[in-house]
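Geometric and topological summary
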Amino acid sequence: MARTLLALVLLAAAAAAHGQVEARAAWVRGTAPGQTTAGAYMELTSDRRASLLGAESPAAGSAEIHEMKIEGNVMRMRAVTRLELPPGKTVELKPGGHHMMLVDLKRSLKKGDLVPIRLKVELSDKTIKTIQVLAEVRELAATSRP
Ligand SMILES: [Cu+2]
């Protein structure tokens, strides 16, 4: 409970510090034993044209932005180098759609853990902003927001 509260306070502070780009409702799927990747999901809103260029997390070797594409009749994920954030529109990273992938996890992720993720966002004037997000781990079978 205290950790959840701390996360909310940190998220609020991050939003206030940056203003123009906000990340909300971030969560990461818990891992099964031996699993080394995990999907990360959140809502991103920018008040100006911006692009998500990538992310990193101390919990993972790297983080990728993935899109889902149907090839033949198989749904596959593919890494993309940027994700556009249209002004005033909420872009949802969610299961089955664009999402973030934490790769080479350094430890297993259990329900209730908090995973820091640092987002790299390019604003329309080409300046780079980093946005710190704390994502809460949900159970392996979680499908979307609670
Ligand atoms: Cu993926």
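None of the values given here were measured: they were computed from a predicted structure.

**Let's talk about the overall build of the protein chain**
Of the regular secondary structure elements, the protein chain holds one helix and 10 strands. In the protein chain, the succession of helices and strands from N to C terminus is α-β-β-β-β-β-β-β-β-β-β. Taking all 146 residues of the protein chain together, the buried fraction comes to 40%. Across the protein chain, contacts joining residues at least 24 apart in sequence account for 67% of those joining residues at least 6 apart. Here the protein chain has roughly 8100 Å² of accessible surface; of this, 55% comes from carbon and sulfur atoms.

**Observations regarding the coordination of the copper ion**
Within the protein, the atoms that donate to the copper ion are H66 (ND1), M77 (SD), H99 (NE2) and M101 (SD), at distances of 2.0 to 2.6 Å. Here the copper ion is ringed by four donor atoms whose angles at the metal span 100 to 118°, and the overall shape comes out tetrahedral.

**Brief notes about the pattern of salt bridges**
Scanning all chains against the criterion turns up 11 salt bridges. Linking K69 and E67 is a salt bridge whose minimum nitrogen-to-oxygen distance equals 3.6 Å. On the accessibility criterion, E67 (12% relative accessible area) is buried. Residues E122 and R82 are paired through a salt bridge, measuring 3.3 Å at the closest nitrogen-oxygen approach. Note that E122 is positioned in strand β9 (residues 114-123) and R82 in the loop between β5 (74-80) and β6 (83-85), a separation of 40 residues in sequence. A relative accessible area of 12% means that E122 is categorised as buried. In the salt-bridge network here, residues are joined through shared partners; they are R82, E84, E122 and K126.

**Quick look at the pairing of strand β7 (residues 90-93)**
The alternating pattern of β7 places V91 and L93 on a buried face and T90 and E92 on a face that is not buried. Two strands pair when backbone bridges link them, and strand β2 (residues 38-46) and β7 are joined in this way by four bridges, in the antiparallel orientation. Bridge pairing in β7 links T45 to T90.

**Some points on the packing of aromatic side chains**
Overall, the coordinates contain one aromatic pair when judged by the stated rule. With centroids separated by 4.6 Å and ring planes inclined at 40°, the aromatic side chains of W27 and Y41 adopt a geometry described as tilted. Highlighted residues: W27 in strand β1 (residues 21-29) and Y41 in strand β2, separated in sequence by 14 residues. Residue classification places Y41 among the buried positions, given a relative accessible area of 6%.

**Re the nonpolar core**
Residues V28, M42, L52, M100, I117, L119 and V121 are the most contacted members of the largest nonpolar core, which totals 33 residues. For I117, the residues in contact, after removing those within four places along its chain, are V28, A40, M42, A55, E56, S57, M100, I131, Q132, V133 and A135.

The rules behind each value
Residues numbered from 1 in each chain as written. Predicted model: local features only at pLDDT ≥ 70, side-chain atom pairs only at ≥ 80, totals over all residues. Heavy atoms only, no water. Helix = DSSP H or I, 4+ residues; strand = E, 2+ residues; numbered from the N terminus. Buried < 20%, exposed > 50% of the residue type's maximum accessible area, 1.4 Å probe, protein only. Contact = heavy atoms within 4.5 Å. Areas by Shrake-Rupley, 256 points an atom, 1.4 Å probe, with all protein chains shown as cover. Donors = N, O, S within 2.8 Å, 3.2 Å for Na, K, Ca; no water. Tetrahedral: all angles 85-135°; square planar, octahedral: opposite > 155°, others 65-115°. Salt bridge = Lys/Arg side-chain N within 4 Å of Asp/Glu carboxyl O. Pairing = 2+ DSSP bridges. Phe/Tyr/Trp six-rings, centres within 6.5 Å; stacked < 30°, edge-to-face > 60°. Core = buried A, V, L, I, M, F, W, Y, C linked by side-chain atoms within 4.5 Å.

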